[in-house]
Amino acid sequence: MEQKEKQNDFSAGSVYRHIIALAVPMTVAQLVQMLYNIVDRIYIGHLPGGSAMALTGLGLTFPVITLIMAFTNLFGMGGAPLFSIARGRQDGVRAGKIMGNTFSMLCICSMLLMAACYLFLKPVLYLFGASDASYPYAAEYLRLYLMGTPFAMIGTGMNGFINAQGFSGTGMATVLIGAAVNIALDPLFIFVFGMGVSGAALATILSQLLSATWVLKFLLGKKTLFRLQKTGMRPEGRLLKEIISLGMAGFVVYASNGAVQIACNATLRDFGGDVYVGVMTILNSVRDVVSMPMQGLTNASQPVLGFNLGAGAYDRIKKSIAFVTAMGVSYMLLAWGILFLFPEPLMRIFNSDTELLAKGVPALHIYFFGFFMMAFQFVGQSTFVGLGMAKQSVFFSLLRKIIIVVPLTLILPHVAGLGVMGVFLAEPISNFIGGTASFTTMLALTGRLFRRNKGITKGK
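Residues numbered from 1 in each chain as written. Predicted model: local features only at pLDDT ≥ 70, side-chain atom pairs only at ≥ 80, totals over all residues. Heavy atoms only, no water.

Colleague: It is not clear to me how the nonpolar core should be interpreted in this structure. Could you clarify?
Modeller: Most often, soluble globular proteins have nonpolar side chains that are buried together. One finds Met158 and Phe424 to be the most contacted residues of the largest nonpolar core, which totals 136 residues. For this core, the element with the highest residue contribution is helix 12 (residues 274-311), accounting for 17 residues. For Phe424, the residues in contact, after removing those within four places along its chain, are Leu268, Tyr276, Val279, Met280, Leu283, Ala363, Ile366 and Tyr367. (Core = buried A, V, L, I, M, F, W, Y, C linked by side-chain atoms within 4.5 Å. Buried < 20%, exposed > 50% of the residue type's maximum accessible area, 1.4 Å probe, protein only. Helix = DSSP H or I, 4+ residues; strand = E, 2+ residues; numbered from the N terminus. Contact = heavy atoms within 4.5 Å.)

Shown next as structure tokens:
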């Protein structure tokens, strides 16, 4: 145990090496995690006959799936940073309770969410932008997908505790195993067995079950530094308040994404019809994949930041923020260039419908304008979470999505005849305003932290 702790001590050695060592497997893991849904969209988008409508129906399920991920983050992303801080302070008892309480809430919440979604499925989908033509595809997918809600929440939410202990390779394997099964089963169920949309959902459920099993096997085994124990699972009010407070940022990020998806789908349906809902489905998919390395990099910095905060190594916190900012902005600039130069080939991965591509390429150029500004939003948000600044993280999540994107999505289509293009324009505007505000505030608050602790140079 002592040797393992020494190897995973983020207050010693190069902070850059620690971040990269976590970022590479975490990015691969998150990218593969994304493939759970991305692969579904790719296969469904190429179904013989009616593939565009099937893809549109699948896009209507995004807000529901996003809501599930929001509650996963509420506890998973709230518990893991607190767990890292407790590790840095050498408080093993508290760390164990944080992990146990997180697990309990993920189990309870998943069952409640599943029941609520089944109960209100039809009215919710129509509220989210479904039409009579697209609803059957969305309902067919969700009726099966929702059965895997506990597996999805436990597998994703508890995997953060594996990464927070420094076992990023194991965390990556968690997702790789499930995704490999999903990728293999999708074409089998969808095309060979002729299950269509239902086949995609069934493949996802089975892969999520496998991932959750892998996570629990590790956290209950002998290789982990902190074992998941029954004694730590009893919910404690004060501890849950801390977990929820810090996890609220991750919750708001996903919940606000869901709100944006609802506003976009409903507005696009009214101004442009189902084809534009399909376009937005593709653009969201492309954005998720392209931004994943940036998300992996910033997520990898969180346990390093939290550990060094607990250890009082403030110079290392400063180095971590500078490194992640430089790497993140460079990557996002490169990604923007690729998106601008090769829009149609990227969209063809998901669907080859002529009308959809003709309307999608101009929308893509607008939607991803100034894409690099998202890097500043990611860095600001991850720093707030890593350092336990829950209120700031929640505020800037709400600012970009709820205060900026949703109103613009509803207003811009009515301005100067913009129509559907007003919906796609809301995203870059929010990136510039939200990214700038989040990053500059983070610099101001961390600068105050550094000045207050000037002279403390633990763990150079």
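Colleague: Looking at this structure, I do not really get the packing of aromatic side chains. What am I missing?
Modeller: Aromatic ring pairs: the centre-centre distance and the angle between the two ring planes describe each pair. All told, the structure shown has 19 aromatic pairs when counted by the stated rule. Centre to centre, the rings of Phe384 and Phe396 are 5.8 Å apart; their planes meet at 10°, and the pair counts as stacked. You can see Phe384 sitting in helix 16 (residues 374-386) and its partner Phe396 sitting in helix 17 (residues 390-411), a full 12 residues away along the chain. Relative accessible area serves as the criterion here: at 0%, Phe384 is assigned to the buried category. Given a relative accessible area of 6%, Phe396 falls into the buried group. These aromatic residues form a ring-pair network of at least three members: Trp336, Phe369, Phe372 and Phe432. (Phe/Tyr/Trp six-rings, centres within 6.5 Å; stacked < 30°, edge-to-face > 60°.)

Colleague: What's the story with the state of the cysteines in this structure? I'm lost.
Modeller: Between two cysteines, a covalent bond joining their sulfur atoms is known as a disulfide. All chains considered together, the criterion is met by 0 disulfides. Between Cys107, a cysteine without a disulfide, and Cys109, which holds the nearest cysteine sulfur, the sulfur-to-sulfur distance is 10 Å. Judged by relative accessible area, Cys107 falls into the partly exposed class, the value being 24%. (Disulfide = S-S within 2.5 Å.)

Colleague: I would appreciate a short explanation of the packing of helix 3 (residues 51-60) against helix 7 (residues 135-145) in the present structure.
Modeller: Angle between the axes and distance between the axes: these two values describe a pair of packed helices. Taken N-terminus to C-terminus, the directions of helix 3 and helix 7 make an angle of 55°; their axes are 7 Å apart at the nearest point. Relative to helix 7, the element helix 3 lies oblique. When the axes of helix 3 and helix 7 are compared, the crossing they make is right-handed. Between helix 3 and helix 7, the contacting residues are Met53, Ala54, Gly57, Leu58 and Leu60 on the first element and Tyr137, Ala138 and Tyr141 on the second. The residue makeup of the contact of helix 3 with helix 7, split by class, is 7 nonpolar, 1 polar and no charged. (Axes fitted to C-alpha atoms, helices over the stretch in contact; angles between N-to-C directions. Parallel < 35°, antiparallel > 145°, perpendicular 65-115°, else oblique. Left-handed = near helix turned anticlockwise from the far one by under 90°. Nonpolar A, V, L, I, M, F, W, Y, C, P; charged D, E, K, R; others polar.)

Colleague: Help me understand the environment of Leu209, please; the structure alone is not making it clear to me.
Modeller: One can find Leu209 in helix 10 (residues 197-219). Considering only alpha carbons, one finds Leu209 and Pro150, 59 residues apart in sequence, at a separation of 8.6 Å.

Colleague: Would you explain the confidence of the model for the protein in this entry?
Modeller: Note that predicted coordinates carrying low pLDDT should not be read in detail. Looking at the protein as a whole, its pLDDT mean stands at 88, while 95% of the residues score no less than 70. In the predicted structure, residues 1-7 sits below a pLDDT of 50 and forms 9 contacts with residues beyond four places in sequence or in another chain. (pLDDT = per-residue confidence, 0-100.)

Colleague: How should I be thinking about unusual backbone geometry in this particular structure?
Modeller: The bulk of non-glycine residues show a negative phi, and the bulk of peptide bonds are trans. A positive phi angle is found at Gln90, which is not glycine, with a value near 60°. Tracing the backbone through its elements, the reader meets Gln90 in the loop between helix 4 (62-88) and helix 5 (92-119). You will see that Ala416, though not glycine, has its phi angle at about 50°, which is positive. Given a relative accessible area of 74%, Ala416 falls into the exposed group.

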